[in-house]
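Residues per chain, in single letters:
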Amino acid sequence: MSSDEWYIKQVKSLTPIEYLKHKGVVVSEDDVDLVMDLQELGLNDGVINVLLDYVIIVSKIGFIHSLVREMGESWHNKNISTIERAMAFVREVWKN
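Below or above, wherever it landed, is the structure these notes cover. (Residues numbered from 1 in each chain as written. Predicted model: local features only at pLDDT ≥ 70, side-chain atom pairs only at ≥ 80, totals over all residues. Heavy atoms only, no water.)

## Things to note about the overall build of the protein chain
Helix and strand counts for the protein chain stand at six helices and zero strands. Secondary structure elements in the protein chain, listed N-terminal to C-terminal, are α-α-α-α-α-α. Computed over its C-alpha atoms, the radius of gyration of the protein chain comes to 12 Å, within 12% of the 12 Å expected for a compact globule of 96 residues. If one aligns the C-alpha atoms of the protein chain with their principal axes, the spans along those axes are about 35 × 25 × 25 Å. Burial analysis of the protein chain (96 residues in total) assigns 35% to the buried set. Taking the contacts inside the protein chain whose residues are at least 6 apart along the sequence as the reference set, 61% of them involve residues at least 24 apart. (Helix = DSSP H or I, 4+ residues; strand = E, 2+ residues; numbered from the N terminus. Rg over C-alpha atoms; globule rule 2.2 N^0.38 Å. Buried < 20%, exposed > 50% of the residue type's maximum accessible area, 1.4 Å probe, protein only. Contact = heavy atoms within 4.5 Å.)

## Focus: the environment of Val 11
Here Val 11 is to be found in helix 1 (residues 3-13). The class of Val 11 is buried, set by a relative accessible area of 0%. Put simply, Val 11 and Gly 62 are 51 residues apart on the chain and 21 Å apart in space, counted from C-alpha to C-alpha. Apart from the residues within four sequence positions on either side, Val 11 is in contact with Tyr 19, Gly 46, Asn 49, Val 50 and Ile 83.

## A few points about the pattern of salt bridges
Counted according to the given criterion, the structure contains four salt bridges. Of the charged contacts in the structure, one is a salt bridge between Lys 23 and Asp 53, with a shortest N-O distance of 3.1 Å. With Lys 23 in the loop between helix 2 (16-22) and helix 3 (29-41) and Asp 53 in helix 4 (residues 45-58), this residue pair connects regions lying 30 residues apart in the sequence. In this structure, the salt-bridge partner of Asp 37 is Arg 69, at a minimum N-O distance of 2.4 Å. You can see Asp 37 sitting in helix 3 and its partner Arg 69 sitting in helix 5 (residues 65-77), a full 32 residues away along the chain. (Salt bridge = Lys/Arg side-chain N within 4 Å of Asp/Glu carboxyl O.)

Any functional reading would require information beyond the geometric quantities listed.
What follows is the structure, encoded as structure tokens:
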């Protein structure tokens with residue numbers, strides 16, 4: 001299994017709340033609301049997990065909910081609807 005296959009399996013197998021807990025985040029009610037907002041945008045759980053992972057890894061200022069919501073809206077508007085597209089987008093942003 002490649003590292004991409006392993007990662008895809010990981011983000012597919014957990015709900016966003018489970019994923020945050022798996023990453024060591026103590027989940028607050030605001031976190032639950034954030035996830036629900038992202039789901040209401042139309043992002044699926046796997047894409048949300050990639051987004052949350054990206055924010056956790058690159059954010060030096062913490063887990064700012066308004067910023068994550070804006071990023072979720074941006075991803076939705078860019079039609080990032082699959083885990084693979086989310087991963088490709090993150091890789092492209094990371095390169096620049």
